Amino acid sequence: SDRNKLEDPERHYRMSLTIKQNIGNLRSIALTMANLADIVSRQGRFSESRGMLETAMAHAEQDNDKFLQEFLKINQGENLIRAGNGPASIALFREVLDYAVKSDVGRFRVLATYGLGRALCASGEHEGGIEKLRECQRLAHVMGDEIAYNDASKEITIEIAKQKKDIPFGLTARELDVMALLELGKSYKEIARQCNIKIATVKRHINTIYAKLDVHNKLDAAFKWRDHQEKSAEAQQPPQDLVVGA
């Protein structure tokens, strides 16, 4: 499971953090703590992650490191979205975006625009969110950031599908949320936590998804869904001259 895959990275970062705390370099401590917080957040331990990021932010402020402070705001925003609190993350991403534009930090601008798009969508502001995700695509294309471009494309596909009456395979908006997490290999418990529903409800949704996709297991469902995603991405006709590192 995803949780098991993250156990080794968490152990590594905790060991690294202990060493760096003994050395006493605030910037190094804050960066390692941010990486550890991300691992913890991906496991659904949002309160613990928030506490780590607050401590890391305190170190960055003590070190008067504005660049690091803005980086940590991106991490805080991601943690809030994962915790289901999109509205609270909007202000953070807007602050980072304002800093990135004024300071001409291209990478931060891509990350903040992507985060803001997701935060707006998670808060029910779908049109504004999709607009920001498209802006992220344009910025990523200019920077040659293929990963960010593809991430934004996937989010746009999911959000547009939510707005249509003819959602792929006749899935409901909630089933679409569950399918997106199922395709990522999330467990019933993880899906329940991220969708804020009971495990029994998750199982019911998944059985319905299997019936609508005409499959009988998670692997076949993921394969059929990915095939649909690839066809949808092709229909968007992304730029052919996207070159990583340009």
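Thresholds, definitions, all that
Residues numbered from 1 in each chain as written. Predicted model: local features only at pLDDT ≥ 70, side-chain atom pairs only at ≥ 80, totals over all residues. Heavy atoms only, no water. Helix = DSSP H or I, 4+ residues; strand = E, 2+ residues; numbered from the N terminus. Rg over C-alpha atoms; globule rule 2.2 N^0.38 Å. 1 Å grid on protein atoms, 1.4 Å probe; cavity = no way out; pocket = protein on both sides within 12 Å on 5 of 7 lines; lining within 4 Å. Points joined across faces, edges and corners; volume = space filled by probe spheres on them. Buried < 20%, exposed > 50% of the residue type's maximum accessible area, 1.4 Å probe, protein only. Phe/Tyr/Trp six-rings, centres within 6.5 Å; stacked < 30°, edge-to-face > 60°. Core = buried A, V, L, I, M, F, W, Y, C linked by side-chain atoms within 4.5 Å. Contact = heavy atoms within 4.5 Å. Axes fitted to C-alpha atoms, helices over the stretch in contact; angles between N-to-C directions. Parallel < 35°, antiparallel > 145°, perpendicular 65-115°, else oblique.

(A) Broad picture of the overall build of the protein chain. When its secondary structure is counted, the protein chain shows twelve helices and zero strands. Element order for the protein chain, N to C, with α for helix and β for strand: α-α-α-α-α-α-α-α-α-α-α-α. The C-alpha atoms of the protein chain give a radius of gyration of 19 Å, which matches the 18 Å a tight globule of 246 residues would have. A principal-axis box enclosing the C-alpha atoms of the protein chain has dimensions of 55 × 40 × 30 Å.

(B) Spatial organisation of the layout of surface pockets. For the largest pocket, the calculated volume is near 1800 Å³. In terms of lining residues, the largest pocket is bounded by 49 residues, among which Ile81, Arg82, Arg118, Glu155 and Gln194 are the most central. When contributions to the lining of the largest pocket are tallied by element, the ones reaching two or more residues are α1 (2-23), α2 (26-42), α4 (66-82), α5 (86-103), α6 (106-122), α8 (146-163), α9 (173-183) and α10 (188-195). In terms of residue count, the dominant contributor to the lining of the largest pocket is α8 (eight residues).

(C) Spotlight on unusual backbone geometry. Unlike most non-glycine residues, asparagine 64 shows phi in positive territory, near 55°. Examined against the element boundaries, asparagine 64 turns out to sit in the loop between α3 (46-62) and α4. When its relative accessible area of 66% is taken as the criterion, asparagine 64 is described as exposed. You will see that aspartate 104, though not glycine, has its phi angle at about 55°, which is positive. Looking at the element boundaries, aspartate 104 is found in the loop between α5 and α6.

(D) The arrangement of the packing of aromatic side chains in detail. In total, this model carries four aromatic pairs according to the counting rule given. Note on phenylalanine 71 and phenylalanine 108: the rings are 6.5 Å apart at their centroids and 20° apart in plane angle, and the pair reads as stacked. Separated by 37 residues along the polypeptide, phenylalanine 71 in helix α4 and phenylalanine 108 in helix α6 bring together distant segments of the chain. Residue phenylalanine 71 is classed as partly exposed on the basis of its relative accessible area of 24%. We classify phenylalanine 108 as buried; its relative accessible area is 5%. Aromatic pair tyrosine 99 and phenylalanine 108: ring centres 6.4 Å apart, planes at 45°, arrangement tilted. Comparing tyrosine 99 with phenylalanine 108, the two get one shared label, buried. What links up through ring pairs into an aromatic cluster is the set Phe67, Phe71, Tyr99 and Phe108.

(E) Representation of the nonpolar core. Within the largest apolar cluster, 21 residues are counted, with the highest numbers of intra-cluster contacts made by Leu171, Met179, Leu182, Ile191, Ile206, Leu213 and Ala221. At the level of elements, α8, α9, α10, α11 (199-213) and α12 (218-235) are the ones that each hand at least two residues to this core. Residue contributions to this core peak at six residues, all from α9. Methionine 179 has contacts with Leu171, Ile209, Leu213, Ala221, Ala222 and Trp225, leaving out every residue within four places of it along the chain. With 15 residues, the next largest nonpolar core counts Ala34, Ala56, Ala60 and Leu68 among its residues.

(F) Examining the packing of α2 against α4 more closely. In contact at an axis separation of 10 Å, α2 and α4 are set at 10° when each is read in the N-to-C sense. If you check the angle between α2 and α4, you find them roughly parallel. Side by side, α2 and α4 meet where Arg27, Ala30, Leu31, Ala34, Asp38, Ser41 and Arg42 of the first sit next to Phe67, Leu68, Phe71, Leu72, Asn75, Asn79 and Arg82 of the second.

None of this, on its own, says anything about what the molecule does.
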